[in-house]
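Report on the structure
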Amino acid sequence: MRSIRRWLSLALIVALALTATGFHTGDTSPRYGSPSDGDRSVDVIITFRQRPETSHLSYLQGLGARVSRQYRNIPAVSASLPQSALTRLRQHTDVLAVEPDGTVTALETGPTAQAQTVPWGIAKVNAPAVHGFDKGAGVKVAIIDTGIDLEQLDLKVAGGVSFVTGVTSWDDDNGHGTHVAGTVAALDNDIGVVGVAPLASLFAVKVLNSSGSGSWSSVISGVDWAITNGMQVVSMSLGASSAPSAMQTAVQVASNAGIVIVAAAGNSGSSGLCCNVTYPAKFSEVIAVAAIDESNTRASFSSIGPEVELAAPGVGVLSTWPNNTYAILNGTSMATPHVSGLAALLIASGTLKDENADGKVNNLDVRLRMQKTATDLGDPGRDAWYGYGLINAAMAVAPGAVPTVPGAPTGVTATAGDAQATVSWNAPASDGGSAITAYTITSAPATTEKLVSGAQTAVVFTGLINGTSYTFTVKATNAVGTGPASAPSNAVVPGAALTVPGAPTGVTATAGNAQATVSWSAPASNGGSAITGYAVTGSPGGSCSVGNVVSCTVTGLTNGVTYIFTVKATNAVGTGPASAPSNAVTPTAPASSKMHIGDMSGVLLDQFRGWKTWAEVSVKVVDASGAPVAGVTVAGNWSSATTGSASATTGADGVARFSSAILRRPAAGTTFTFTVTDLGKSGYVYDPLADVKKSVSVIVV
């Protein structure tokens, strides 16, 4: 027992996910990649009432979700989560809709992964601004962590070593090290994500086991290996509240050998001023990294103290994950590799100078350059929350770079009026390093120009000819000069005063089950302004509304009741008169069909040579003719080796799939049994007497 207690006292817990409050307290997150107890994972699009915040992402993790993408322009994320969590998710007040997503699995199939995106953190530290001439080529970066997934197509691992007892491979069996490595050096290869230094040489130094913990002796061995093997940067996203003196000796020797050492400040959080930075970040030879969010605000979980030296993105960080997937995580663990990647860029850039005037250019100058060029946050100067501030790759690698002309404005739109048009636009993505002072708006075909101040993003263009089609382009100007023209706006035709549109014509209705589909033709006149939507009203009840399309389905009708419908059109001026009534229709319910279990089969699965073992069972539902039935809710129970109820929905092939709970190294003869208890689908009747079988067993041999 003494040796076990000693191991626990020295355990290093990976500084991984944020323990934020979220929407509900008490939620926990299952580990990615493991099947939950008798529950099937489904891919969905989750739409929120407003742009999702950190608390929403934490809530999804608490439901067992794995967020694969967070959209920038719509309040939604795509994720995989247990089917049992769907009802709870839909009931949350901030969730507008939960819908199936059939394309998320592309990330899990290697070469066909999503088109490359630049994570917000990589953009925030301005790494893409230097990638045209510096990607950290050849700089040796040691990721002292859980290893790196050797099959991840978005990473290139140059070598490695394992100091985990009983484990010889440095392959990642946890995921944390792979996520860290992606932020440092995910490849610029048109898939997945891109890292801060995509051409740096990654070395996997595995010191933490599959649970994300290890011993100080393993970490010291990792640092020692880095010194011996000529590493130039050491990245440690791990920590503990105390450390042996031998660990401080190790980082002192590494620093004296010219290695830049970076570590996570910790996830202990604090609302006060001091002090909970963890080791090894607490040592003076190590760069302690705090975490910020997209608004440059310190993450609530980020540890504070005088040792904090730099800040970097650590909330909602998208990066690589094992099995050619991608994950969004929170923590100072995620902030640390941004700084490690910048150190690699600086070493490779050739721009580094003797910053401390000691007659040498080495790791101390890398550290000082990052301090000098950081964007100050919080209190002026170095503080306990942000250190010197947010790292800035553009300033660090090429400080004082000469400004250029601004980029092209974006999103140029025009709205027509009487002999005029209102033109609006968005500022360019880059101002060239100098504030925008003016915009020039040019019309075509007249090529008339208007000049406005750099504070404006809209102008009324007068003196146009009614009946003539116009487009507009916009250029931005700064102290250097005028940048390129934007893409043309939409075409507009100025005209006389606008009115509401006329009445839609040709309204027809087709009845369905408790619903009716209403179609129509656009009005003969749109009032001089594009139609933006239509509203359908039913009598004696029912309604629906759509954008600029000419059909709409009215749901929630009563079968057996006769309905007629009218339609109104809306433009920028207002809503026009109602159409003539449609034909009368009477919704009716379809006759029910019979269904039964056509087949059941099971298979035994395991991971890590049987260390994790579970059963998967497939249930096929067919109709009376033997054809598969999709959308059937199949309910059942696990018995024998594992117990519990489960439900799943059949796909287009009529098959629903179930996974048992996981057992660790079960003995031969262990039996997993799954029994179907019910089938359910609207419009179908379950005929249990026709079932081919009702249960299936899988036996460990």
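Overview of the structure. All values derive from a computational prediction rather than experimental measurement. (Residues numbered from 1 in each chain as written. Predicted model: local features only at pLDDT ≥ 70, side-chain atom pairs only at ≥ 80, totals over all residues. Heavy atoms only, no water.)

A look at the overall build of the chain
Operational definition: Numbering of helices and strands runs from the N terminus, with a helix taken as a DSSP run of H or I at least four residues long and a strand as a DSSP run of E at least two residues long. For every residue, the accessible area obtained with a 1.4 Å probe (protein chains only) is divided by the maximum for its type, and the residue is called buried under 20%, exposed over 50%, and partly exposed between those limits. Throughout, a residue-residue contact means that at least one pair of heavy atoms, one from each residue, lies within 4.5 Å. The method behind every accessible area is Shrake-Rupley, applied with a 1.4 Å probe, and residues are considered shielded solely by the protein chains displayed. When charges are counted, neither His nor the chain ends are considered; positive counts come from Lys and Arg and negative counts from Asp and Glu. Charge placement uses NZ in Lys and CZ in Arg. For Asp and Glu, CG and CD serve respectively.
Check the secondary structure of the chain and you find 10 helices and 35 strands. Once the C-alpha set of the chain is aligned to its principal axes, its extents read approximately 85 × 80 × 45 Å. Residues counted as buried form 48% of the 701 residues belonging to the chain. For the chain, restricting intrachain contacts to residue pairs at least 6 apart in sequence, the fraction spanning at least 24 positions comes to 70%. Of the roughly 30000 Å² that the chain leaves accessible, carbon and sulfur atoms contribute 53%. Here the chain contributes 38 positive and 43 negative side-chain charges, whose respective centroids are spaced 3 Å apart.

Some points on the sheet that holds strand 33 (residues 671–680)
One key point about sheets: their strands pair by backbone hydrogen bonds, in either a parallel or an antiparallel sense. To keep it simple, the criterion reads: Two strands are said to pair when DSSP picks up at least two bridges between them. Where helices are involved, their axes are fitted lines through C-alpha atoms of the stretch in contact, as for all axes, and angles between N-to-C directions lie from 0 to 180°.
Across the sheet, four strands lie side by side as 31-30-33-35; this open sheet has antiparallel pairing. For this open sheet the edge positions go to strand 31 (644–649) and strand 35 (695–699), each flanked by a neighbour on one side alone. Averaged over neighbouring strand pairs, the angle between their axes works out to 25° when direction is ignored. As judged from the eight bridges shared by strand 30 (residues 633–640) and strand 33, these two strands associate in the antiparallel manner. In the sheet register, Trp638 faces strand 33, and the bridge partner there is Phe674.

Some thoughts on the side chain of Asp383
Stated precisely, the cut-off is as follows: The term salt bridge refers to a side-chain nitrogen of Lys or Arg lying within 4 Å of a carboxyl oxygen of Asp or Glu. Here a polar contact is recorded for every N or O atom pair within 3.5 Å, except that within protein the pair must consist of a potential hydrogen donor and a potential acceptor, and residues adjacent in sequence are included only if both atoms are side-chain atoms.
Tracing the chain through its elements places Asp383 in the loop between helix 9 (363–373) and helix 10 (393–397). Buried and unpaired, Asp383 has no salt bridge, with Arg382 as the nearest side chain of opposite charge at 7.9 Å. Within the structure, the side chain of Asp383 is placed 2.8 Å from the backbone nitrogen of Trp385, a separation counted as a polar contact. If we ignore the near neighbours within four places in the chain, the residues touching Asp383 are Val308, Leu377 and Gly378.

Some remarks on the sheet that holds strand 7 (residues 157–162)
Within the open sheet, the seven strands sit side by side as 7-8-6-9-11-12-13. Their pairing is parallel. Two strands lie at the open edges of the sheet, namely strand 7 and strand 13 (308–313), each paired on one side alone. Taken over all neighbouring pairs, the strand axes of this sheet differ in orientation by 25° on average, direction set aside. Note: strand 7 against strand 8 (residues 201–206), five bridges, orientation parallel. The partner of Val157 across the bridge, within strand 8, is Leu202.

Observations regarding the packing of helix 5 (residues 176–185) against helix 8 (residues 332–349)
Convention followed: Two helices crossing with the near one rotated counterclockwise from the far one by less than a right angle form a left-handed crossing, whereas a clockwise rotation gives a right-handed crossing. Each residue is assigned to one of three groups, with Ala, Val, Leu, Ile, Met, Phe, Trp, Tyr, Cys and Pro labelled nonpolar, Asp, Glu, Lys and Arg labelled charged, and all others, Gly among them, labelled polar.
Here helix 5 crosses helix 8 at 35°, and the two axes come no closer than 8 Å. Handedness of the crossing formed by helix 5 with helix 8: right-handed. Contact with helix 5, carried on its side by His176, His179, Val180, Thr183 and Val184, involves Ser333, Met334, Pro337, His338, Ser340 and Gly341 of helix 8 and no other residues of that element. In terms of residue class, the contact of helix 5 with helix 8 is built from four nonpolar, seven polar and no charged.

Topic: the pattern of salt bridges
Summed over all chains, the structure comprises nine salt bridges. A salt bridge links Lys206 to Asp173; the nearest nitrogen and oxygen atoms lie 2.8 Å apart. With a gap of 33 residues between them, Lys206 in strand 8 and Asp173 in the loop between strand 7 and helix 5 connect regions that are remote in the sequence. Look at Lys206 and you get buried, because its relative accessible area is 0%. Judged by its relative accessible area of 27%, Asp173 is partly exposed. The salt bridge partner of Asp653 is Arg657, with a shortest N-O separation of 3.4 Å. Given a relative accessible area of 40%, Arg657 falls into the partly exposed group.

Quick word on helix 9
Because an α-helix completes one turn every 3.6 residues, residues spaced three or four positions apart along the sequence face the same direction. Burial of helix 9 is extensive: eight of the 11 residues sit out of reach of the surface. Sitting at the head of helix 9, Asn362 places a side-chain oxygen 3.0 Å from the backbone nitrogen of Leu364.

Observations concerning the environment of Val696
The topology assignment puts Val696 in strand 35. Looking at Val696, the relative accessible area reads 12%, which means it is buried. Expressed as a C-alpha distance, the spacing of Val696 and Met600, which sit 96 residues apart in the sequence, is 6.5 Å.

Some words on the nonpolar core
In summary, soluble globular proteins display a tendency toward joint burial of nonpolar side chains. Our working rule: As used in this record, nonpolar core signifies buried Ala, Val, Leu, Ile, Met, Phe, Trp, Tyr and Cys residues forming a set joined through side-chain atoms within 4.5 Å.
Residues Ile46, Leu89, Val339, Leu342 and Met370 are the most contacted members of the largest nonpolar core, which totals 73 residues. Ranked by residues supplied to this core, first place goes to helix 8 with seven residues. With residues near it in sequence (within four places) discarded, Leu89 still touches Ile46, Tyr59, Leu60, Leu63, Leu81, Val95 and Val98. One finds Val205, Trp225, Ala240 and Ala281 within the second-largest nonpolar core, a separate group that totals 33 residues.

Points about the environment of Glu294
Among the secondary structure elements, Glu294 is positioned in the loop between strand 12 (287–292) and strand 13. With 174 residues separating them along the chain, Glu294 and Trp120 place their C-alpha atoms 7.6 Å apart. Once residues lying within four places of it in the same chain are set aside, the contact partners of Glu294 are Arg51, Trp120 and Lys124.

Points about helix 2 (residues 54–62)
Counting buried residues along helix 2, seven of its nine residues qualify, which places the element largely inside the surrounding structure. Every buried residue belonging to helix 2 is among His56, Leu57, Ser58, Tyr59, Leu60, Gln61 and Gly62, and all of these are buried. Gly64, located one to two residues past helix 2, shows a positive phi value of around 90°.

Notes on the packing of aromatic side chains
Rule in force here: The criterion for an aromatic pair is that two Phe, Tyr or Trp rings (for Trp, the six-membered ring) have centres within 6.5 Å, with stacked assigned to planes under 30 degrees apart, edge-to-face to planes over 60 apart and tilted to the rest. Criterion for a charge above a ring: Lys NZ or Arg CZ within 6 Å of the ring centre, and within 35 degrees of the ring normal.
Enumeration over the complete set of coordinates arrives at 10 aromatic pairs. Judged by centre distance (6.4 Å) and plane angle (20°), the rings of Tyr470 and Phe472 are stacked. Taking the relative accessible area as the measure of exposure, Tyr470 reaches 3% and is therefore buried. Residue classification places Phe472 among the buried positions, given a relative accessible area of 0%. An aromatic cluster is built from Phe461, Tyr470 and Phe472, whose rings are joined through pairwise contacts. Lying over the aromatic face of Phe461, Lys450 brings its terminal NZ or CZ to 5.5 Å of the ring centre.

Quick look at the pairing of strand 17 (residues 420–426)
Only one face of strand 17 is covered, namely the face carrying Ala421, Val423 and Trp425; the face carrying Gln420, Thr422, Ser424 and Asn426 is uncovered. Looking at chain direction, strand 16 (residues 410–416) and strand 17 are connected through five bridges and run antiparallel. Opposite Thr415, over in strand 17, you have Thr422 as the bridge partner. A loop of three residues connects strand 16 with strand 17, the two strands running antiparallel in sequence, and Ala419 in this loop sits at a positive phi of about 60°. As judged from the five bridges shared by strand 17 and strand 20 (residues 458–462), these two strands associate in the antiparallel manner. Residue Ser424 lies in a different strand from strand 20, and its bridge partner there is Ala458.

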